[in-house]
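Okay, here's what each chain looks like letter by letter:
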Amino acid sequence: MEINLVSDTVTRPGHEMLQQMFRAKVGDDVYKQDPTVVQLEETVADLFGMEAALFFPSGTMANQTAIKLHTNPGDELICDKWSHVFNYEGGGIAFNSGVSSQLIDGDRGMITANQVLDAINPPDFYHSPLTSLVCIENTTNKGGGACYDLQTLMEISEVCKTNKLGYHLDGARLWNALVAKKQHPKQFGSMFDTISVCLSKGLGAPVGSLLLGKQEHINKAIRIRKVFGGGMRQAGYLAAAGLYALQNNVSRLEEDHRRARQLGNFLQQLPWVDKVEPVETNILIFSLKPQYSEAALMEKLKQKSIFISSLGKGKLRIVTHLDYKEVMHNYVIETLQKLTF
Ligand SMILES: *Cc1c(COP(=O)(O)O)cnc(C)c1O
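Residues numbered from 1 in each chain as written. Predicted model: local features only at pLDDT ≥ 70, side-chain atom pairs only at ≥ 80, totals over all residues. Heavy atoms only, no water.

Q: What should I look at first to understand the overall build of the protein chain in this one?
A: The secondary structure content of the protein chain amounts to 14 helices and 13 strands. At 21 Å, the protein chain has a C-alpha radius of gyration in line with the 20 Å of a compact globule built from 341 residues. Taking the principal axes of its C-alpha atoms as reference, the protein chain extends roughly 60 × 55 × 35 Å. Considering only contacts in the protein chain between residues 6 or more positions apart, those separated by 24 or more positions represent 75%. (Helix = DSSP H or I, 4+ residues; strand = E, 2+ residues; numbered from the N terminus. Rg over C-alpha atoms; globule rule 2.2 N^0.38 Å. Contact = heavy atoms within 4.5 Å.)

Q: How should the domain arrangement of the protein chain be read in this particular structure?
A: The extent of an interface is frequently quoted as the accessible surface area lost upon association of the parts. Domain boundaries assigned for the protein chain yield domain 1 (3-8 + 252-338) and domain 2 (15-248). The straight-line distance from the C-alpha centre of domain 1 to that of domain 2 is 28 Å. By the criterion of area lost to domain 2, the three top residues of domain 1 are Asp8, Leu253 and Glu280, representing 38% of everything that side buries. Linking glutamate 280 and arginine 108 is a salt bridge whose minimum nitrogen-to-oxygen distance equals 2.9 Å. Our enumeration of links across domain 1 and domain 2 arrives at six residue pairs in polar contact (both at pLDDT 80 or more). At the level of elements, α12 (253-268), β10 (283-288) and β13 (315-319) are the ones that each hand at least two residues to the side of domain 1 that touches domain 2. Among the elements that take part in the side of domain 1 that touches domain 2, α12 stands out by supplying three residues, more than any other. (Domains from an automatic or database assignment. Buried area = accessible area lost by both parts, 1.4 Å probe. Salt bridge = Lys/Arg side-chain N within 4 Å of Asp/Glu carboxyl O. Polar contact = N/O pair within 3.5 Å; in protein donor to acceptor, adjacent residues only side chain to side chain.)

Q: Which parts of the structure should I look at to understand the site of the ligand?
A: Contacts to the ligand come from Ser58, Gly59, Thr60, Asn63, His84, Glu89, Glu137, Asn141, Asp170, Ala172, Arg173 and Lys201. Here threonine 60 contributes a side-chain N or O atom positioned 2.6 Å from an oxygen atom of the ligand. Separating an oxygen atom of the ligand from a side-chain N or O atom of arginine 173 is a distance of 2.9 Å. Burial of the ligand by the surrounding chains reaches 83%, relative to a free accessible area of 380 Å². (Near = heavy atom within 4 Å. Areas by Shrake-Rupley, 256 points an atom, 1.4 Å probe, with all protein chains shown as cover.)

Q: How should I be thinking about the layout of surface pockets in this particular structure?
A: Gaps left between atoms show up when a probe the size of a water molecule is rolled over them. Taken as a whole, the largest pocket holds about 230 Å³ of empty space. In terms of lining residues, the largest pocket is bounded by 15 residues, among which Ser190, Met191, Phe192, Asp193 and Lys214 are the most central. Per element, the largest residue contribution to the lining of the largest pocket is three residues, and it comes from helix α7 (residues 150-162). When its residues are assigned to classes, the lining of the largest pocket shows six nonpolar, five polar and four charged. By volume, the second largest pocket is sized at about 200 Å³. Lining the second largest pocket are 19 residues, with Gly59, Thr60, His84, Cys198 and Lys201 positioned closest to its centre. For the lining of the second largest pocket, the element with the highest residue contribution is helix α3 (residues 59-70), accounting for three residues. Its residues placed into classes, the lining of the second largest pocket shows five nonpolar, ten polar and four charged. (1 Å grid on protein atoms, 1.4 Å probe; cavity = no way out; pocket = protein on both sides within 12 Å on 5 of 7 lines; lining within 4 Å. Points joined across faces, edges and corners; volume = space filled by probe spheres on them. Nonpolar A, V, L, I, M, F, W, Y, C, P; charged D, E, K, R; others polar.)

Q: It is not clear to me how the packing of aromatic side chains should be interpreted in this structure. Could you clarify?
A: Working definition: an aromatic ring pair is given by the centre-to-centre distance plus the angle between the planes. For the structure on display, the rule yields two aromatic pairs. With a centroid separation of 5.8 Å and an interplanar angle of 70°, the aromatic rings of phenylalanine 48 and tryptophan 175 are classed as edge-to-face. In this pair, phenylalanine 48 sits in helix α2 (residues 35-48) while tryptophan 175 sits in helix α8 (residues 174-181), placing the two residues 127 residues apart along the sequence. A relative accessible area of 1% means that phenylalanine 48 is categorised as buried. When its relative accessible area of 3% is taken as the criterion, tryptophan 175 is described as buried. Each ring, one from tyrosine 167 and one from phenylalanine 192, has its centre 4.1 Å from the other, and the planes form 25°; the classification is stacked. Linking tyrosine 167 in strand β6 (residues 166-171) with phenylalanine 192 in the loop between α9 (185-189) and β7 (194-198), this pair joins segments that are 25 residues apart in sequence. Of the two residues, tyrosine 167 and phenylalanine 192, both sit in the buried class. The cationic tip of lysine 81 hangs over the ring face of tryptophan 82; the distance from NZ or CZ to the ring centre is 4.7 Å. In this structure, arginine 225 packs its charged tip against the face of phenylalanine 56, placed 5.9 Å from the ring centre. (Phe/Tyr/Trp six-rings, centres within 6.5 Å; stacked < 30°, edge-to-face > 60°. Buried < 20%, exposed > 50% of the residue type's maximum accessible area, 1.4 Å probe, protein only. Lys NZ or Arg CZ within 6 Å of the ring centre and 35° of its normal.)

Q: Please clarify how empty space enclosed by the protein should be interpreted in this entry.
A: For the structure shown, the criterion picks out one cavity of 30 Å³ or more. Taken together, Leu267, Phe286, Leu301, Ile306, Ile308, Ile318, Val332 and Leu336 make up the lining of the largest cavity.

Q: Just checking my understanding: could you explain the packing of α3 against helix α10 (residues 215-227) for this structure?
A: Packed helix pairs are characterised by how far apart their axes lie and by the angle those axes make with each other. Taken N-terminus to C-terminus, the directions of α3 and α10 make an angle of 115°; their axes are 9 Å apart at the nearest point. Judged by the twist between their axes, the crossing of α3 over α10 is right-handed. Contacts between α3 and α10 involve Met61, Thr65, Lys68, Leu69 and His70 on the former and, on the latter, His217, Lys220, Ala221, Ile224 and Arg225. When the residues that make up the contact of α3 with α10 are grouped by side-chain class, the tally is four nonpolar, three polar and three charged. (Axes fitted to C-alpha atoms, helices over the stretch in contact; angles between N-to-C directions. Left-handed = near helix turned anticlockwise from the far one by under 90°.)

Following this line, the structure appears as structure tokens:
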């Protein structure tokens, strides 16, 4: 039994999801003739109360498309210093859009309206790049699965409106936030100009993300997706997995959150653990007391078939997911209990 807690992207489609994929009605989605893709796009747009949605092969492509449609080359966007769009999308902000990034020193990946306000370049001061977009991440990835209060997001939304900035949400793990905070998708749909969501993280689909927004934004997005090489043909097989995931795997995220919380509480009591970051969803970040090495811990766990990851700078990460079952959870806790350095 291999227990992979490196990411929630390691899940494999189960029998029922595969059956639904087999049965999918498909067509050529580049001609908008794949009924299952259209169904998925309409379902998710409706769920968020947004006008339209577009299916993407990855969250990165959905985010990069959003950035491109909200900006012109030479512009600047505002995001947290830990954000995925800045750190983990291969420099795409600069490469794809010719845009610079104004990084905010947020709290566990979360920023405030005042910080955004301070980061906006005066639009009439033509020496500075023109600020045109704010990117939010919820839940935060590097921030350890932290989630925003709606109040903060509302305040940032007001700043964006007043200053005519686009407002994009990288919601790769928005499903986790919705479940953990008991929020409704429409509360997000009414606030943001565009939202990206992933089906291949906690929801367990093999591939797929969506970008949501107004029809005019999605019309632009379809052209950009084409340029990025993301137009797919019989993508309905993948969309069917997404529909299955939405029907079956959203509310169960609570289980992942409980297990992450339990692991956090447990680690806190171990003599070799220094600090456990607050656990709000399915990501758990912790550090070891200075005399212990992360590499040694990872190696000891590996010998017990448990895989976790290092974030560097003394931080370790555990991510719970659909394929991390109760028996495995009990085994991990038992193993941690017995571990000696
Ligand atoms: C995973 C992730 C993405 C998208 O990643 P892909 O691997 O391209 O699907 C975007 N934002 C965040 C915060 C993520 O964790």
